[in-house]
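The residues making up each chain are set out below.
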Amino acid sequence: MARPIVEARGIHKHFGALHVLKGVDLEVAERELVFVIGPSGSGKSTLLRCLNRLEEPSSGSVVVDGIDMLDPKTDINRARQRIGMVFQSFNLYPHMTALGNVTLALRKVAGKSRVEAEALGRAALKRVGLADRAGHTPGQLSGGQQQRVAIARAIALEPRVMLFDEPTSALDPELVGSVLEVMCDLRESGMTMIVVSHEMGFARNAADRVIFMDHGLIVEQGPPVAIFENPSQERTRAFIGQIQRH
Amino acid sequence: MIETFLNPEIIAAIWPIVLAGLANTVLLSLIVVPLGLLGGLIVALLATVHHPLVRWPLMAWVDFFRAFPPLVLLVLLFAGLPFAGLELGGFACVAIAFFLNTGAYYGEILRAGIDSVPVGQIEAARSTGLNRLQAMGYIVLPQAVRNVLPDLLSNTLEVVKLTSLGSVVAVPELLFQARQAQSLTYSPTPIVLVAIVYFLILWPMVRLLSRLENRALASRR
C-alpha cells in the first residue's frame, strides 16, 4: 500500500460525559474511496469532523497529506484548504450566488484575484453539471443542485482529500442520483474520498473499502462485497440486515 | 386656536431657529447611530467569545447600561465628569452616553441575529479555510443583520427620538431650539412646529419598519 494520505491514530473524543470515539485508527491511501457505515450515534460523523479539526479530538493524532493537523503550530486554515468537506444539510451561503459560494474561499483564502477565482469557480460548477446556474442563489436551486454546488465549492480549492458527511441523506430520493453521479466522476478523476453514507448501491460499485463503526469503535472493515455479503461480526450482520430491509 | 398653536407670524420668525435645530438633530443622529452600532458590534462579537473572563464582565456591562436611564447617564456625564477634571461639551457627552446605552441595545439585537445563523454555516466556511473573523464577516454577519433588520431599524427609530435628550445638556438640537424660541415668543407654536417636524422625519422610517415587519411575518408563515 502506498503511503497513506490520511493517518489517524488512537482518536478519542469526549463530549462531556459522552465518550463518542474510543480509540479509532484510520488510514486512507491516495485515490482510495473509503465508505463509513454504522448506526446513528456510532461516531462516524465525529470521526470525519476530527480529520479536518472541525471537532477537536480529545486525544490521538491526525496527519493529512503529511501535515500534523493537531500541532498547534500548524496553520489550520491553510491545511483545511487541502481537505474538502460536504455536509448533509449542504450549508451553502444563502446570501450569495452559486458562483459566490464557490469563489469566496478562492479569493479570501487562496488569494486569487476576482477574475481568476471566477474562472476556477465556473470550471468547478461545470464539473458538477451546473455551469448554467452560476448566478442562482441557493434558494432558487433544488436540493440536489445545492449539494452539487457544495461539492463544487470544495473541489474548487483542489483538495487532496474529500470528506462527505451523509451527502444524500437530506435529499428527496429522485435527486440522490445526480449527486452520486458527481461523486462517481470525482472518484474516476482519482480523488481520495471518505464517505459517511448508507447508499449501499453506491458503496458496492465505487468503494474500495467499507468500514463498519459502532459505539465509537471500528468493528470491522474490508472490501464492500465481504462486508455486505459475508460480515464476520454479529453486529455488522445485524446492521446490514436492517438497512437492507429498508 | 391656530393663532395660538400654529401662529403663521411666529412660524415665519422662528423658522431659522428650528431649521438650525433640525440640522443638529440630523447631525447628532448621524453620529450617535453609527456609534451605537459600533458599540453593538463590539458587544455582539465579544458575546461570541465564551470564555468566562469575557462573558461575565460583558453581561454585567450590558445589563448595567440597559438598566441605567439614558437621561440620568447623560446628566451624570455632563455634570459629573468636570469634577473628574474632564470638561467635555454637551455634544461629546451625548455621543458617549449613546455609545454606552444604545450600544448595549444594538449589541443584544445583533447577538440574537448572530445566534439565528445556523452553526453549519460557520462550519462550512471554516472547512474551506476561512478563519474565524472571515467567517464572521463574510458569512455570519450579513445573514445576522438581515435576520434582525426590523429590530435594528426599530431601535434606530428610538435612538433618533432620544437625541432630544441632548436639549438637557444644551445641545442645540430640535427640542432645545424649540424651547429657546418658546421662551422668546411666549407661544406654544414652536413646540407644536417641532413636533410636526419630528413626525415628518420619523414617519417614513415607521412606514418602512411596518413593511419590513410584515414581510418578516409573511416569510415566517
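Heads up: the structure comes first, above all this text.
Here's the deal with the overall build of chain B
- On a plain count of helices and strands, chain B comes out with ten helices and zero strands.
- Ordered by position from N to C terminus, the α and β elements of chain B give α-α-α-α-α-α-α-α-α-α.
- Along the three orthogonal principal directions, the C-alpha set of chain B runs to about 70 × 50 × 25 Å.
- Burial analysis of chain B (221 residues in total) assigns 41% to the buried set.
- Within chain B, contacts between residues separated by at least 24 positions form 76% of all contacts whose residues are at least 6 apart in sequence.
- Entry remark: accessible area of chain B is about 11900 Å², with carbon and sulfur atoms responsible for 70%.
- In chain B, 13 side chains carry a positive charge and 11 a negative one; their mean positions are 12 Å apart.

A word on the nonpolar core
- Ranked by internal contacts, the top residues of the largest apolar core, which has 88 residues, are Ile151(A) and Met162(A).
- Those residues in contact with Ile151(A) that sit more than four places away from it in its chain are Val86(A), Val128(A), Met162(A), Phe164(A), Val179(A), Val182(A), Met183(A) and Leu186(A).

Remarks on the interface of chain A and chain B
- On the chain B side, the residues contacting the 21 residues of chain A number 17 residues.
- Surface buried jointly by chain A and chain B totals about 1600 Å² across both partners, of which 57% is contributed by carbon and sulfur atoms.
- Its largest share of buried area at the contact with chain B, chain A owes to Tyr93(A), His95(A) and Lys108(A), together 31% of the area lost on that side.
- Close ionic contact of Arg49(A) with Glu123(B) constitutes a salt bridge, the shortest N to O distance being 2.7 Å.
- The interface formed by chain A and chain B holds seven residue pairs in polar contact (both at pLDDT 80 or more) in total.
- Put simply, the parts of the chain that give the side of chain A that touches chain B at least two residues each are helix H2 (76-81), strand E6 (83-86) and helix H3 (98-108) of chain A.
- Grouping the constituent residues of the side of chain A that touches chain B by class yields twelve nonpolar, five polar and four charged.

Description of the side chain of Thr168(A)
- Inspection of the secondary structure puts Thr168(A) in the loop between strand E7 (161-165) and helix H6 (173-188).
- Residues in contact with Thr168(A), not counting those within four places in the same chain, are Val176(A), Val179(A), Leu180(A), Ser197(A) and Glu199(A).

Observations regarding the sheet that holds E7(A)
Residues and elements named next belong to chain A.
- The strand order across the open sheet formed by six strands is E6-E7-E8-E3-E9-E10, and the pairing between neighbours is mixed. Bordering the open sheet on either side are E6 and strand E10 (217-222), each of which pairs with just one other strand. Strand-to-strand twist of the sheet, defined as the mean angle between neighbouring strand axes without regard to direction, takes the value 20 degrees.
- Set on the sheet, helix H1 (residues 44-51) makes contact with strand E3 (33-37), E6, E7, strand E8 (192-196) and strand E9 (209-214); between it and E7 the angle comes to about 150 degrees.

Some points on the pattern of salt bridges
- Taken as a whole and judged by the stated rule, the model has 18 salt bridges over all chains.
- A salt bridge links Asp65(A) to Arg160(A); the shortest N-O distance between them is 3.1 Å. Of the two residues, Asp65(A) is situated in the loop between strand E4 (59-64) and strand E5 (67-68) and Arg160(A) in the loop between helix H5 (143-155) and E7; the sequence distance between them amounts to 95 residues.
- Its relative accessible area of 30% is what places Arg160(A) among the partly exposed residues.
- Here Glu108(B) makes a salt bridge to Arg111(B), at a shortest N to O gap of 3.4 Å. With Glu108(B) and Arg111(B) both in helix H5 (residues 90-115), this residue pair falls three residues apart, about one helical turn.
- Arg111(B) gets classed as partly exposed once you look at its relative accessible area, which sits at 34%.

Here we look at the sheet that holds E4(A)
All names here are of chain A.
- Within the open sheet, the four strands sit side by side as E2-E1-E4-E5. Their pairing is antiparallel. Each edge of the sheet is formed by a strand with only one pairing partner; in this case those strands are strand E2 (18-29) and E5.
- Two elements, E4 and E5, share two bridges in a ladder whose sense is antiparallel. Bridging across to E5, Val63 finds its partner in Asp68.
- The sheet strands contacting H1 are strand E1 (4-15), E2 and E4, and the helix crosses E2 at an angle near 60 degrees.

Definitions and limits used
- Residues numbered from 1 in each chain as written.
- Chains lettered and ligands numbered in written order.
- Predicted model: local features only at pLDDT ≥ 70, side-chain atom pairs only at ≥ 80, totals over all residues.
- Heavy atoms only, no water.
- Helix = DSSP H or I, 4+ residues; strand = E, 2+ residues; numbered from the N terminus.
- Buried < 20%, exposed > 50% of the residue type's maximum accessible area, 1.4 Å probe, protein only.
- Contact = heavy atoms within 4.5 Å.
- Areas by Shrake-Rupley, 256 points an atom, 1.4 Å probe, with all protein chains shown as cover.
- Lys, Arg positive; Asp, Glu negative; His and termini not counted.
- Charge placed at Lys NZ, Arg CZ, Asp CG, Glu CD.
- Core = buried A, V, L, I, M, F, W, Y, C linked by side-chain atoms within 4.5 Å.
- Buried area = accessible area lost by both parts, 1.4 Å probe.
- Salt bridge = Lys/Arg side-chain N within 4 Å of Asp/Glu carboxyl O.
- Polar contact = N/O pair within 3.5 Å; in protein donor to acceptor, adjacent residues only side chain to side chain.
- Nonpolar A, V, L, I, M, F, W, Y, C, P; charged D, E, K, R; others polar.
- Pairing = 2+ DSSP bridges.
- Axes fitted to C-alpha atoms, helices over the stretch in contact; angles between N-to-C directions.

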